[in-house]
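Next come the chains, spelled out residue by residue.
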Amino acid sequence: MSSPETGPPAGPDEVLPAVAPQLRALRRRAALTLEAAARTAGLSPAHLSRLETGQRQPSLPVLLALARIYGTTVSELLGETVAERDAVVRAADMEPTVAGGWTYWQAGASSRGMQALRVRVPHGSQGDIVRVHPGEEWLYVLQGRLRLRLGDTTHRLGPGDSAHFDSLTPHRIAAEDADGVELLFVHTLLQSPTAALCLGPDTGDMP
């Protein structure tokens, strides 16, 4: 069984072939060593190395963390092509991508200061680990019920509820219902990745 940090091994039905080379190339573009990038993302250097060599499949929270650090989007990490500066994203053009059990649809264009996603989080997925990083996040529950941990406080959100918070507040999200939860998610990207600060994951249990 894999841990929240390591994620599932890359299997024949789950391989994301563009991820490994993109992760390495974007880290180098950001002028970050393997150790510095891993520390900022709250990962071990060995785990990030396995992601960059394709031995492990990254979860969506890990991809989000790395996207922030490298000042890019999850789509670019996955090697996807998104129309530059297109103000409108059509529903028919939103192709689902699965990473670490989470499913997401790109809901905004690349080369922006924010990234917008529609995300489906299954119940009991490995994505519900605590994160701390610079920036802001906004989320809006579309379907299901969401359990949101902000610092020492746990909030339960239903359809129509939203949250907007500083990402330096330790945070964790999980699906409350067996059918999972679907939400809109917007987060800021870091413009100066080498100046980023991350306190790392908190492995404590969530009530």
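All chains use their own residue numbering, which begins from 1 and follows the written sequence. Restriction of local features to residues with pLDDT of at least 70 applies here, the model being predicted, together with a cutoff of 80 or more for giving and counting side-chain atom pairs; totals for whole chains, interfaces and linings are based on all residues. Hydrogens and water are ignored here; the side-chain numbers use all heavy atoms of the structure.

Q: Describe the sheet that holds strand β6 (residues 153-157), naming the residues involved and giving the relevant values.
A: Pairing between two strands is assigned when DSSP locates at least 2 bridges connecting them. The way it works is that DSSP assigns letters per residue, a run of H or I at least four long becomes a helix, a run of E at least two long becomes a strand, and they are numbered from the N terminus. If you walk across this open sheet you meet the three strands as β6-β5-β8, and the pairing is antiparallel. What marks the edges here is a single partner per strand, and that holds for β6 and β8 (171-175). Averaged over neighbouring strand pairs, the angle between their axes works out to 20° when direction is ignored. For strand β5 (residues 146-150) and β6, the ladder comprises five bridges, and the chain directions are antiparallel. Bridged to R149 within β6 is T154. Interaxial angle, 0 to 180 degrees, is taken between N-to-C directions of lines fitted to C-alpha atoms, where a helix line uses only the stretch in contact.

Q: Go over the nonpolar core, please, and point to the residues and values.
A: Residues L60, L66, Y70, V119 and L139 are the most contacted members of the largest nonpolar core, which totals 43 residues. Counting residues per element, this core draws most heavily on helix α4 (residues 60-70), which supplies eight residues. What L66 contacts, discounting residues up to four positions off in sequence, is L23, A41, L48 and L77. Take the buried Ala, Val, Leu, Ile, Met, Phe, Trp, Tyr and Cys residues and link them wherever side-chain atoms come within 4.5 Å; each set so joined is a nonpolar core. With a 1.4 Å probe rolled over the protein chains alone, any residue whose accessible area is under 20% of its type maximum counts as buried; one over 50% counts as exposed, and the rest are partly exposed. Two residues form a contact once any of their heavy atoms are found within 4.5 Å.

Q: Let's hear about the pattern of salt bridges: which residues, and what values?
A: Each reported salt bridge corresponds to a side-chain nitrogen of Lys or Arg within 4 Å of a carboxyl oxygen of Asp or Glu. The full count for this structure, using the stated rule, is seven salt bridges. E182 is the partner of R118 in a salt bridge, and the nearest nitrogen-oxygen pair spans 2.7 Å. Placement of the pair is R118 in strand β3 (residues 114-121) and E182 in strand β9 (residues 181-188), with a sequence separation of 64 residues. Notably, a salt bridge pairs R156 with E176, separated by 2.8 Å at the nearest N-O pair. Linking R156 in strand β6 with E176 in the loop between β8 and β9, this pair joins segments that are 20 residues apart in sequence. Residue R156 is classed as exposed on the basis of its relative accessible area, which comes to 52%.

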